[in-house]
Amino acid sequence: MCEGILLRIFLGLLHLYANVAETPDRVSISTVGHTELMIEGGQYELQCDIQNVAPVEFLTVSWFKGDTLVKNITFTDSIKTPVNQSSILQISPSRDDDGVQYRCEAELDLGPEGPQLPLTVTSEPLNITVCYPPVSISELHNKSVDFGYDEVLKCSSDAWPRPQYRWEYIPAPNVRTEDIDGVSLLYIDYATGLNTGTYKCTATNKLGETSQSVRVDVRSVGNTNTSYP
C-alpha cells in the first residue's frame, strides 16, 4: 500500500517537472554599475542574468574564469513557473587578469529520473581589461663603452595603459631617444667623454610612475681601465 502511494507521488512529481521544467531562453553576463576599464585592486561585480527558467530550486549557476570554475550558486526559491533570475560574482582583478574571460553557465539538475532536456545554457564570454601602474623598470643596466663606439640603453616597464617614458641625463649632441612598441631607447652615437655619467629613465601612466638610474662609463682609447670624467 505505502509503496504504491510513494510510486504515485514520484510519478506525479516527474509529470509535474516535465510540465514546468523550462531551460533558460538566454543567459548573459555584464558588469554592474561600471562600464569603464577596471583598475588593479578595485572591487567590481559581474552579473549573470538567466531569462525564463523553471523550477528555480533546481537551478545552479556556475561562474568560470577562463576554464577554471570559481563559484557555484544554488537557489531555494520554490516557484515552479518560469522566472528571470540573476547571480552576482564579486571580483578584485590583478594585472595578471588583464584580458581574462569570464562566463557563467545555468544548469537545471532534475535528477537522473527527470526529463532529459538540454539543461545547460552558457553565456557569451566577457573580456575584462585591467589598468595598472608601472612598478619597476626592466632591461636598463650600467654600461661601459669604448671611446668612439655606439651604445644603446633600453628602458621598459609593464603597465596599462602603456607608459610614457622620460630620460634625464647630461645633454650631449650625440644622444637621442626613441620609443618603439612600448620600449624607450636612448642612443649614444660615437661616445665621447661628455657621455660619461648617470642616466635616469622614468615610466609614467595615469595610475603612477617608477624610475631607475644607471651609469655609463666611456673608456679612453687604448686603456680599458680608465674612463673619461
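Up top is the structure.
Given the structure is predicted, the values throughout are model-derived calculations rather than measurements. Residue positions are counted from 1 within each chain, in the order its sequence is given. Local features are withheld for residues below a pLDDT of 70 in this predicted model, meaning they are given only at 70 or higher, and side-chain atom pairs are given and counted only at 80 or more; totals for whole chains, interfaces and linings count all residues. Derived side-chain values reflect all non-hydrogen atoms in the structure, with water molecules and hydrogen atoms excluded from consideration.

Q: Hey, could you run me through the state of the cysteines in this one?
A: Cysteine sulfurs are considered disulfide-paired once they come within 2.5 Å of each other. The full count for this structure, using the stated rule, is 2 disulfides. Cysteine 48 shares a disulfide with cysteine 104; S-S distance 2.1 Å. Measuring the twist about the S-S bond at about 80 degrees, one finds the cysteine 48-cysteine 104 disulfide to be right-handed. One end of the pair, cysteine 48, is in strand E3 (residues 44-53); the other, cysteine 104, is in strand E7 (residues 101-108), and 56 residues separate them in sequence. In this pair, the class of cysteine 48 matches that of cysteine 104, namely buried. Between the sulfur atoms of cysteine 155 and its disulfide partner cysteine 201 the distance amounts to 2.0 Å. Between cysteine 155 and cysteine 201 the disulfide shows an S-S torsion of about -85 degrees. By sign, it is left-handed. Taken together, the residues span a long stretch of sequence, with cysteine 155 in strand E12 (residues 151-156) and cysteine 201 in strand E16 (residues 197-205) at a distance of 46 residues. Since its relative accessible area comes to 0%, cysteine 155 is described here as buried. The helix count covers DSSP runs of H or I at least four residues long, the strand count covers runs of E at least two residues long, and both are numbered beginning at the N terminus. Type-normalised accessible area, obtained with a 1.4 Å probe on protein chains alone, sets the label of each residue: buried when under 20%, exposed when over 50%, and partly exposed for intermediate values.

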